Amino acid sequence: MNFGSRYCLTLLTFLLFQTAAFAQLDFLGFYPSDEENNDIWGYEDSLGNQYVLLGQNSKTLILDVTDPSNIIPLHSIPGTQSQWRDIKTWDSFAYVTNDEGGGLDIIDLRYLPDSIHFERFTADTLNLQRAHNIFIDEKGYGYLFGSNLFTGGVDVFELNSINRYQPTYLGSYTEEYVHDGFVRGDTMYLSEIRNGTQSIVDNSNPESPTTLARFPTSSNFTHQCWLDSSGQYLVTVDEVEGANIDVYDVSDFLDIKETDRYQRSEGSGVIPHNAFWIGDYIVASHYTDGVVLINATRKSNLVEVGNFDTSPFPSAPEFYGCWGVYPFFSNGMIAASDIEEGLYLMQPQFPSTAYLEGNITEENTGFPLANIQVEILGTDAIKRSRPSGDYSNGLDQAGTYAIRFSSKGCTSKIVPNVELALDSVTLLDVVLTCPGPPTNLSILATDNPIQITPNPVQSSAWLELPSASSTTTLDLYTIDGKLLMHLDNVSNNSLAMDLSHLDHGQYYIQLTVDGQSHTISFVKE
């Protein structure tokens, strides 16, 4: 590798673009890559020098980024060829997994920038060869996710061993395959990508972990999670086309609630990858859309306030562009890895936000309207209403705006001259006119005997019905009143429904039990 020529190109790039700002994420520096990159992590020594550990297909690269205008490549640790590496640090050592083989790389960082030493760990008779991800908690326990051991769940190692290159095996969670996770105290938050679920597990005894809760995430492909500093809110990422970044209140494991969700560039199919908390903000990488900064001060209203697109390629549902992001340097600097391009450094600003919130109902029935598109016209701020009819939106610029509410099957409404002020919530309830559902549908009641789970629905749902002494009929309607399905003589108290064929939007189920009609709405995503 010709480090000298790369340094010149890095400096030239910085001089050309040092004044560029990307909506609250300011460009600091760039280091081009000679091969494809994957995940990224950071490290600071006792003198305040800052380093990036960059995963690449054939190696792990260590770079000095103390001066973003003069990024210096220091050391290269060769490894098994792998598209997937994950890196974490603990007590002046780095731990690098890969998804192909060769074991866990353990790197001594204590003598940076001058030298490093590394060895490979295979856990002796356990024969550890690969793992998809790693997390290290505040106790110095390392958690390997998706390894070749057992079921690919979670394998726990004590890293504070006398010989730092020989961690001590403590136990494993084998209930499900785990793609990634977060651990604090004795509690593991595990992303079970194959199930599309997030689990919460008591790991006070690593030899016998106990599952405390499990819930589906909004796009059913749970890739990664991170807990905020309060321990109350968990951010999750689903790694599929057009997926959401979700925030959940996990303060009560028996009553976990989604507070809001965020989708980048709605309609583009952009795929989110990894998300982290910085105080009340979320920093997230998106493959073809770069780094996004989200103000999550109001957990029920996630608002994008900054973005930096690392990729020169167009936004699309593809797996190229920005892989990972590291937002934990003490000076606030963010490092991001782009698969094709290399390493980017940026400085975030944390702006205030003007919030817009309210409820949307249908004029003729009073039904709450879900999946209504709420746009702050003239901006990129677009979100959708929830099954309750509640909506939230916002942006980082105060002003007077027109707000458009629209959905297929409803008459759009534009509300002009809406004042939005920073650090303030503007409340705006809206009534829309929709041709349906049929007027004979009963009004939704809070004690409705019909229950549908999950709601919103991805593909299939479970309908819980009241007991009936006579004929029960079921009708499925679109929001504009078109009858899609009619079932006679429904006799079971529960019914599995395949709804995968439905388009995205809001629907109504009318159930007639013993001559009395009941109605429930649901959203198909």
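Residues numbered from 1 in each chain as written. Predicted model: local features only at pLDDT ≥ 70, side-chain atom pairs only at ≥ 80, totals over all residues. Heavy atoms only, no water.

(A) How the structure looks around the overall build of the protein chain. Scanning the protein chain for helices and strands turns up 1 helix and 43 strands. Computed over its C-alpha atoms, the radius of gyration of the protein chain comes to 25 Å, within 12% of the 24 Å expected for a compact globule of 525 residues. Based on the C-alpha atoms only, the size of the protein chain along its principal axes is roughly 80 × 55 × 35 Å. Within the protein chain, the proportion of its 525 residues that are buried is 55%. Counting only contacts in the protein chain whose residues sit at least 6 apart along the sequence, the fraction spanning at least 24 positions is 54%. (Helix = DSSP H or I, 4+ residues; strand = E, 2+ residues; numbered from the N terminus. Rg over C-alpha atoms; globule rule 2.2 N^0.38 Å. Buried < 20%, exposed > 50% of the residue type's maximum accessible area, 1.4 Å probe, protein only. Contact = heavy atoms within 4.5 Å.)

(B) Quick look at the sheet that holds strand β19 (residues 233-238). What the 4 strands build is an open sheet, ordered β18-β19-β20-β21; its pairing is antiparallel. The strands lining the two open edges of the sheet, one partner per strand, are β18 (222-227) and β21 (257-262). Strand-to-strand twist in this sheet, taken as the mean axis angle between neighbours without regard to direction, amounts to 25 degrees. Pairing geometry for strand β20 (residues 245-249) and β21, over 5 bridges, is antiparallel. In the sheet register, Asp246 faces β21, and the bridge partner there is Arg261. (Pairing = 2+ DSSP bridges. Axes fitted to C-alpha atoms, helices over the stretch in contact; angles between N-to-C directions.)

(C) Main features of the sheet that holds strand β34 (residues 413-420). Sheet architecture is open: 4 strands sit in the order β31-β30-β33-β34, paired in antiparallel fashion. A strand with exactly one partner marks an edge of an open sheet, and here the two such strands are β31 (382-384) and β34. Taking the axes of each pair of neighbouring strands and ignoring which way they run, one obtains an average angle of 25 degrees across the sheet. One ladder, built from 6 bridges, connects strand β33 (residues 399-406) with β34; its direction is antiparallel. Along β34, the bridge assignment pairs Thr400 with Glu419.

(D) Layout of the nonpolar core. Residues Val52, Leu63, Val65, Val154 and Leu343 are the most contacted members of the largest nonpolar core, which totals 81 residues. Per element, the largest residue contribution to this core is 5 residues, and it comes from strand β1 (residues 25-32). Apart from residues lying up to four places away in sequence, Leu63 is in contact with Tyr31, Gln50, Tyr51, Val52, Leu54, Ile71, Ile72, Pro73, Leu74 and Leu343. Listed in part, the 24 residues of the second largest apolar core include Leu356, Tyr391, Val415 and Leu428. (Core = buried A, V, L, I, M, F, W, Y, C linked by side-chain atoms within 4.5 Å.)

(E) Seen up close, the environment of Leu343. The topology assignment puts Leu343 in strand β28 (residues 342-348). Taking C-alpha positions, Leu343 is 8.9 Å from Thr310, a pair spaced 33 residues apart along the chain. Excluding anything up to four places from it in sequence, Leu343 contacts Gly29, Phe30, Tyr31, Ile40, Val52, Leu63, Val65, Ile71, Ala335 and Ala336.

(F) Spatial organisation of unusual backbone geometry. Cis geometry marks the peptide bond from Thr453 to Pro454; its omega dihedral reads -10 degrees. One can find Pro454 in the loop between β37 (451-453) and β38 (460-464). Along the chain, Asn455 connects to Pro456 via a cis peptide bond; the corresponding omega equals 15 degrees. Structurally, Pro456 is set in the loop between β37 and β38.

(G) How the structure looks around the pattern of salt bridges. What the rule picks out here adds up to 18 salt bridges. Between Glu175 and Arg214 there is a salt bridge, and its shortest N-O distance comes to 3.1 Å. With Glu175 in the loop between β13 (168-173) and β14 (180-184) and Arg214 in strand β17 (residues 210-216), the pair connects residues that are 39 residues apart, well separated along the chain. Overall, Glu175 belongs to the partly exposed group, its relative accessible area being 43%. A residue is classified by how much of its surface remains accessible, and Arg214, at 33% relative accessible area, is partly exposed. The partner of Arg264 in a salt bridge is Asp289, and the shortest N-O contact between them spans 2.8 Å. (Salt bridge = Lys/Arg side-chain N within 4 Å of Asp/Glu carboxyl O.)

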